[in-house]
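Notes for the structure review
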Amino acid sequence: MKVSFYTLGCKVNQYETQAVGEAFRRAGYEIAGEEDLADVYVVNTCTVTRLADRKSRQYIRRMKKANPHAVVVIMGCYPQTNPEEVAQIEEADIILGTTEKTKAPEYVAKFLEDRKTQHHVAEPKVTETTFNEEGGVTCLESKTRALIKIQEGCNRFCSYCVIPYARGAVRSRDLSEIVSEAEKLVKAGYKEIVLTGINTALYGLENEAFLDKSKAYGIETVVEAISCIPGDFRIRLGSMEPTVVDAEYVSRLFKYDKLCHHIHLALQSGSNNIIRAMNRNYTAESYLDIVRVLREFDPCYGITTDIITGFPGETEEDFQASLDMVRKVKYLKVHGFPYSQRLFTPAAEMDGQIAPPVKKERNKELIALGEEVAADFCRSLIGIPQRVLAEERGADGLWRGHADNFTEIYFLDESGNDISNTFVTVIPALPYEEGLLGRKE
């Protein structure tokens, strides 16, 4: 039998889809492509925005139409936070929350026995308090980059965000398990290890043993441990929330040579008024302090971010403050999102809800500026040698890969050899697509 996966949302979802895929392989299934005809379709949902919910429903209906006899599994954050709405999707045969994902093959087997719709979402809010997910991931689609989930849950409760309800309290994975998985991946030849979690910066902070600031603590303990693994590889952090880290903490990470000079630092708004309303524990000024420390360490440090437009009460002045921050930081990539009302969240009930056309127009302007600033950042790298992990060669003969700072770089290798999954030095020469075109040294 064949099983197909459709994954929305964050890197954690990508990792968990791979883990569920391994569970299906062990049960004797063949993994099919996202749009291929299959016996089982698994939709790993995201519910950060209404658009994500809608995409989930559209895919379910499309694949059920392609194969009416297929079993459809819908799992993850969407059914966890809104089980009643998901229960109304007629095409959904099995509905799982965020803590039941790896049991999907068992539930499919049971469904095939009696063909009765199964719901396995006990309540909308997760009550788990320990990280109890089994094993790790060894079969990956990428041949160069491997994700490792190190943490689950969030306790920051930003006023717009449903994720603490969908994922529950902060739970950190045992350090020895993380190191063991990393060792296996490095031994298997992966050159980039990406540490990911719901709020990666919170790793270990629920445990007093990780809070001794005189030595490595929090996420630093993971970076330090993995850095000690022998081999030529690099470590990339999935994200670091400014609600958790500050300039001093980030500067502690500079001593780890294997750590990429790239950070995803979610801004969400450049206005202190909106940042406060979002219940995020920083200011625009403290955010810029982190940026200053990063760029003083390495002017080429790549910074990516998320920004919400049209948060309740956002004035034109507040929005302009966000645009000003984009110009000041000189981001490599800006992910812009119109604000979306979510269940359970205080922001959904706030006064001053912004009209959809205004949110959409502001988001359009934000993304346009983000692309302009990203192009400027890329141009600033021209002539500066970059260490690139070669990933794949296109039909045009150009190799594509990412520099340590996450800039996408294209280059020609005249040797004709297969250099995939190797580090090369490339000198950027020209802007190209969303990155740079360079020459290999």
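Structural data are supplied above this passage.
The structure contained in this document is the topic of the report that follows. (Residues numbered from 1 in each chain as written. Predicted model: local features only at pLDDT ≥ 70, side-chain atom pairs only at ≥ 80, totals over all residues. Heavy atoms only, no water.)

Now for the overall build of the protein chain. In terms of regular secondary structure, the protein chain is built from 13 helices and 18 strands. For 441 residues, the compact-globule estimate of 2.2 N^0.38 gives 22 Å, and the protein chain sits close to it at 22 Å. Based on the C-alpha atoms only, the size of the protein chain along its principal axes is roughly 65 × 60 × 50 Å. When the 441 residues of the protein chain are sorted by exposure, 56% land in the buried category. Within the protein chain, counting contacts between residues at least 6 apart in sequence, those at least 24 apart form 73% of the total. Split by element, the accessible area of the protein chain, about 19700 Å² in all, is 49% carbon and sulfur. (Helix = DSSP H or I, 4+ residues; strand = E, 2+ residues; numbered from the N terminus. Rg over C-alpha atoms; globule rule 2.2 N^0.38 Å. Buried < 20%, exposed > 50% of the residue type's maximum accessible area, 1.4 Å probe, protein only. Contact = heavy atoms within 4.5 Å. Areas by Shrake-Rupley, 256 points an atom, 1.4 Å probe, with all protein chains shown as cover.)

Before going further, it helps to examine the nonpolar core. Leu 195, Ile 219, Ile 226, Met 240 and Tyr 287 are the most contacted members of the largest nonpolar core, which has 56 residues in total. Looking at this core element by element, the count peaks at 6 residues for helix 11 (residues 284-297). Core analysis: the second largest hydrophobic core is formed by 19 residues, Leu 8, Ala 32, Ile 60 and Val 86 among them. (Core = buried A, V, L, I, M, F, W, Y, C linked by side-chain atoms within 4.5 Å.)

All chains considered together, the criterion is met by 13 aromatic pairs. Relative to Phe 344, the ring of Tyr 165 has its centre 5.2 Å away and its plane inclined at 35°; by these criteria the two rings are tilted. A residue pair is termed long-range when its members are at least 10 positions apart, and Tyr 165 in helix 6 (residues 163-167) and Phe 344 in the loop between strand 13 (333-338) and helix 13 (356-380) qualify at 179 residues. For Tyr 165, a relative accessible area of 15% gives the class buried. A relative accessible area of 33% places Phe 344 in the partly exposed class. Here the aromatic residues Phe 5, Phe 24 and Tyr 29 are joined through ring pairs into a cluster of three or more. (Phe/Tyr/Trp six-rings, centres within 6.5 Å; stacked < 30°, edge-to-face > 60°.)

Between helix 11 and helix 12 (residues 316-329), the least distance of the axes is 11 Å, while the angle of their chain directions is 15°. Compared by their axis directions, helix 11 and helix 12 come out roughly parallel. Taken as a pair, helix 11 and helix 12 cross one another with a handedness that is right-handed. Contact residues: helix 11 offers Ala 284, Tyr 287, Leu 288, Val 291 and Arg 295, while helix 12 offers Met 325, Lys 328 and Val 329. Here the contact of helix 11 with helix 12 is composed, by residue class, of 6 nonpolar, no polar and 2 charged. (Axes fitted to C-alpha atoms, helices over the stretch in contact; angles between N-to-C directions. Parallel < 35°, antiparallel > 145°, perpendicular 65-115°, else oblique. Left-handed = near helix turned anticlockwise from the far one by under 90°. Nonpolar A, V, L, I, M, F, W, Y, C, P; charged D, E, K, R; others polar.)

Side chains of Glu 371, Asp 396, Glu 433 and Glu 434 sit close together on the surface and give a patch of like negative charge. You can see Glu 434 is positioned in the loop between strand 17 (423-432) and strand 18 (435-440). (Patch = residues over 30% accessible without salt bridge, like charges linked within 9 Å, V, L, I, M, F, W, Y side chains within 5 Å. Salt bridge = Lys/Arg side-chain N within 4 Å of Asp/Glu carboxyl O. Lys, Arg positive; Asp, Glu negative; His and termini not counted. Charge placed at Lys NZ, Arg CZ, Asp CG, Glu CD.)

Its 25 residues give helix 13 an end-to-end C-alpha distance of 36 Å, which sits within 8% of 36 Å, the value for a rise of 1.5 Å per residue. For helix 13, every residue scored as buried is listed here: Lys 359, Arg 362, Asn 363, Leu 366, Leu 369, Gly 370, Val 373, Ala 374, Phe 377 and Cys 378. (Expected span 1.5 Å × (residues − 1).)

Relative to each other, helix 12 and helix 13 sit at 15°, their axes nearing to 10 Å. Here helix 13 runs roughly parallel to helix 12, going by the angle between their axes. For helix 12 against helix 13, the interelement crossing comes out right-handed. Every residue of helix 13 that contacts helix 12 at Glu 316, Phe 319, Gln 320, Leu 323, Val 326 and Arg 327 is listed here: Arg 362, Glu 365, Leu 366, Leu 369, Gly 370 and Val 373.

Before going further, it helps to spend a moment on unusual backbone geometry. Backbone geometry places Phe 157, a non-glycine residue, at a positive phi of 50°. Examined against the element boundaries, Phe 157 turns out to sit in the loop between strand 7 (145-152) and helix 6. One non-glycine residue, Phe 344, adopts positive backbone phi at about 75°.

On the basis of which strands lie adjacent, the closed barrel formed by 5 strands has the order 14-15-16-18-17 and mixed pairing. Direction aside, the axes of adjacent strands within the sheet are offset by 50° on average. In terms of strand pairing, strand 14 (residues 386-393) meets strand 17 through 4 bridges, oriented antiparallel. Within the sheet, the bridge partner assigned to Arg 387 lies in strand 17 and is Thr 425. (Pairing = 2+ DSSP bridges.)

In this structure, Arg 252 sits in helix 9 (residues 247-252). With a relative accessible area of 17%, Arg 252 lands in the buried category. Within polar-contact distance, the side chain of Arg 252 engages the side chain of Glu 220 at 2.7 Å. (Polar contact = N/O pair within 3.5 Å; in protein donor to acceptor, adjacent residues only side chain to side chain.)

Relative to strand 13, strand 12 (residues 302-309) is paired through 6 bridges, and the arrangement is parallel. Pairing of Ile 307 across the sheet is with Gly 336, part of strand 13. After leaving strand 12, the chain enters helix 12 and then returns to the sheet as strand 13, a path that is right-handed. (Right-handed = clockwise from strand over helix to strand, strands pointing away.)

If you trace the backbone, Asp 36 turns up in the loop between strand 2 (30-32) and strand 3 (40-45). Its relative accessible area of 41% is what places Asp 36 among the partly exposed residues. Sequence separation of Asp 36 and Lys 333 is 297 residues, and the distance between their C-alpha atoms is 32 Å. Not counting chain neighbours up to four residues away, the residues in contact with Asp 36 comprise Tyr 41 and Met 63. At a separation of 2.8 Å, a polar atom in the side chain of Asp 36 contacts the main-chain amide nitrogen of Gly 33.

Turning our eyes to something else, we now look at the pattern of salt bridges. This model, assessed by the stated rule, comprises 34 salt bridges. The partner of Glu 152 in a salt bridge is Arg 167, with the nearest N and O atoms 3.0 Å apart. Here the residue Glu 152 occupies a position in strand 7, and Arg 167 occupies one in helix 6, the gap between them amounting to 15 residues. By the burial criterion, Glu 152 is buried, and Arg 167 matches it. Of the charged contacts, one joins Glu 392 and Arg 400 as a salt bridge, the two residues approaching to 3.1 Å between their closest N and O atoms. Accessibility expressed as a relative area gives 44% for Glu 392, which makes it partly exposed. Sharing partners across several salt bridges, the network here consists of Arg 145, Glu 192, Asp 232, Arg 234, Arg 236, Arg 387, Glu 391, Glu 392, Arg 400, Asp 404 and Glu 408.

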